[in-house]
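Chain and residue survey
The primary structure of each chain is shown beneath.
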Amino acid sequence: MALSGDTLIAGALRVDTQTADVGAAYVFTRSGGVWTEQQKLLAKATEAMPSDDFGCTVGLDGDTAVIGAGGDAALGDNAGAAYTFVRTGSTWVEQQKLTASDAKAEDVFGVAVAISGATIFVGAPGKPDTVSPAPGALYVFGQQTGTWVEQQKIVVAPPANCSLGRSLALSPTRCLAGAPGDQENGMAAGAAFVFALKATNGDPCADPSACLSGFCVDGVCCDGACGGDSPTDCLVCSVATGATADGACTPLGNGSSCDDGLFCNGADQCSDGACSIHGHDPCPGPNQDDNCSESCDEQQQSCNASDPDGTSCPQGRCGAGQCQKELGSSCADKSGCQSGFCVTHACCVQADCGAYGCGGDGACLGACITTVDCAPGYQCSSAARCVPAVDPGATEVQGCGCSTPGRGAARVAWWRLGLPVLFCFRLARGRRAGGGRSRRSRGRGRGRAFRLELALANLRTARRG
Ligand SMILES: [Ca+2]
Ligand SMILES: [Ca+2]
Ligand SMILES: [Ca+2]
């Protein structure tokens, strides 16, 4: 007998409906606590033969029944067979006759049957091998597009006359098979074997060991390793993840988005089943703009790393993440200068110019026109010298902005015209006097003249700036 929900099937192997001992099976259904016979199942008339023992065992799962016929002689005396029936509405119809691919007389295939979902086990306890007359065997059938197909033959080792498959029980994941002739614990002591069912490709799985293929990818048994479950391998095996069919490893289309986990190579795309196209550095980086802190930082996954030192920027070169300016450029502090010195708001060659400020070429001034040419706390004297602001003897030369109209302009004109004349005069005098002086003294004169010329040049540059 077999029971599934409110349906029960009972075998009756000696029924003589078509011929002697051909056998039958009876289906009963329960409604309101009362069992009623639904249908009597028989093999087709063309298949029915005496002593088929149809109904010697039965299996049932939902609307599919399996009826064993261990005495079926179509492929040899007692080679055996099994029949599947399906119910539509309340009517059962024979679907298929199952036999073993290597059927032989006295196999008694079908003396035990079991069904669970799309899997049928059929026992053939009389199956011989080359050593023993009846070690027995199990046959596994699976359903493919509505047809039951033999998928596997199971025997146990070492072979013995154990009559494996004399009885069967089946769950969705396990098969328990009786072997009453097992001799491990004495003559006919018997044993039962448990087999774990492996899922076929496309079946849901949680572990590769559950799959016949040995691969469980994207939640289904897969026909290959398929890159594993990684979302970045561009290979998928379930319809839910983009495969053409569950269980068929499929490359994702070229251009499909994938993520290799690296920030600084940009967004990634699949190409020929590999995540191999990268969008490249997403940060502007050393692009010669005035931002020296926009290179890619992989660790922080951000665009705020310093551009490499020395990268050119509009006013100089990047250094320590800042655009550091050339000599003479205006500065707020020393960090903005390549030289590392900022004196009177100009990038300077040295840290301190004493009483003077730094000129437009980044060199310290040696003379002044206005107080802005002097260091803080100093003022420009009438002698074009920066002197302490509190010096009572000094007369400040006002800048244009601080003078009365006309006067300041006149003084600047004097500086621009008079000072060169004055220095040229002194230079000429030094040269004239040079004939009577020592070599050392002449050298000093030349040095002073050079410094004065340099100071004048600085002044001109500063005023232009
Ligand atoms: Ca994959
Ligand atoms: Ca990336
Ligand atoms: Ca930049």
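Residues numbered from 1 in each chain as written. Chains lettered and ligands numbered in written order. Predicted model: local features only at pLDDT ≥ 70, side-chain atom pairs only at ≥ 80, totals over all residues.

**Some words on the overall build of the protein**
The line we're drawing: Runs of E in the DSSP output that reach at least two residues are strands. Runs of H or I that reach at least four are helices, and both are numbered from the N terminus. Three exposure classes are used, all based on how many other C-beta atoms lie within 10 Å of a residue's own C-beta (placed from the backbone): buried at 20 or more, exposed at 12 or fewer, and partly exposed between those limits.
Regarding its fold elements, the protein presents two helices and 31 strands. In the protein, which comprises 465 residues, the share counted as buried stands at 35%.

**Here we look at the confidence of the model for the protein**
Low pLDDT means the predicted atomic positions in that stretch should not be read closely. Under the convention used in this document: Values of pLDDT, ranging from 0 to 100, describe the predictor's confidence in every residue of the model. We call two residues in contact when their backbone-placed C-beta atoms lie within 7 Å.
With 83% of its residues at a pLDDT of at least 70, the protein reaches an overall mean of 84. Between residues 398-456, whose pLDDT stays under 50, and residues either more than four places distant or in other chains, the model counts 28 contacts. Scored below 50 in pLDDT, residues 460-465 makes 10 contacts in the model with residues more than four places away or belonging to other chains.

**Some thoughts on the pairing of strand 5 (residues 54-61)**
We count it as follows: Here, any two strands with at least 2 DSSP bridges between them count as paired.
Counting buried positions along strand 5 gives eight out of eight residues, so the element sits mostly inside the fold. Here strand 5 pairs with strand 6 (residues 64-69) via five bridges, running antiparallel. Across the sheet, the residue bridging to Val58 is Ile67, located in strand 6. A loop of two residues connects strand 5 with strand 6, the two strands running antiparallel in sequence, and Gly62 in this loop sits at a positive phi of about 65 degrees.

**A word on the pairing of strand 2 (residues 7-12)**
Here strand 2 shows one buried face, formed by Thr7, Ile9 and Gly11, and one open face, formed by Leu8, Ala10 and Ala12. One ladder, built from three bridges, connects strand 1 (residues 2-4) with strand 2; its direction is antiparallel. Note that in strand 2 the partner of Ala2 across the bridge is Ile9. Counted between consecutive antiparallel strands, the loop separating strand 1 from strand 2 contains two residues, among which Gly5 sits at a positive phi close to 60 degrees. Bridge count between strand 2 and strand 3 (residues 24-31): six bridges; the pairing is antiparallel. Opposite Ala10, over in strand 3, you have Tyr26 as the bridge partner.

**Points about the sheet that holds strand 4 (residues 34-41)**
Counted only if it meets this: Axis definition: a line fit to C-alpha positions, over the contact stretch in the case of helices; interaxial angles, taken between N-to-C directions, run 0 to 180 degrees.
Pairing in this open sheet of four strands is antiparallel, and the strands run 1-2-3-4 from one edge to the other. On the outer flanks of this sheet lie strand 1 and strand 4, each paired with one strand and no other. For this sheet the average axis-to-axis angle between neighbouring strands, irrespective of direction, equals 20 degrees.

**Quick word on the sheet that holds strand 9 (residues 112-116)**
Overall, antiparallel pairing links the four strands, which are arranged 9-10-11-12 in an open sheet. Edge positions in the sheet fall to strand 9 and strand 12 (147-154), since each of these pairs with one other strand and no more. The sheet shows a mean angle of 20 degrees between the axes of neighbouring strands, taken without regard to direction. Pairing geometry for strand 9 and strand 10 (residues 119-124), over five bridges, is antiparallel. Within strand 10, the residue paired with Ala112 across the bridge is Gly123.

**Some details on the environment of Ile120**
With respect to the helices and strands, Ile120 occurs in strand 10. Residue classification places Ile120 among the buried residues on the basis of 27 C-beta atoms within 10 Å. When neighbours within four sequence positions are excluded, Ile120 is seen to be in contact with Val66, Val113, Ile115, Phe141 and Trp148.

**A word on unusual backbone geometry**
Trans is the prevailing form of peptide bonds, just as negative phi is the prevailing case for residues other than glycine. Here the phi dihedral of Asp272 falls at roughly 50 degrees; this positive angle occurs in a residue that is not glycine. Relative to the assigned elements, Asp272 resides in the loop between strand 21 (268-271) and strand 22 (274-278). Its 9 C-beta neighbours within 10 Å are what place Asp272 among the exposed residues. In this structure, His345 is a non-glycine residue whose phi angle is positive, near 65 degrees. Looking at the secondary structure, you find His345 in the loop between strand 28 (342-343) and strand 29 (346-347).

**Comments concerning the environment of Asp16**
When you line up the elements, Asp16 lands in the loop between strand 2 and strand 3. With 11 C-beta atoms packed within 10 Å, Asp16 lands in the exposed category.

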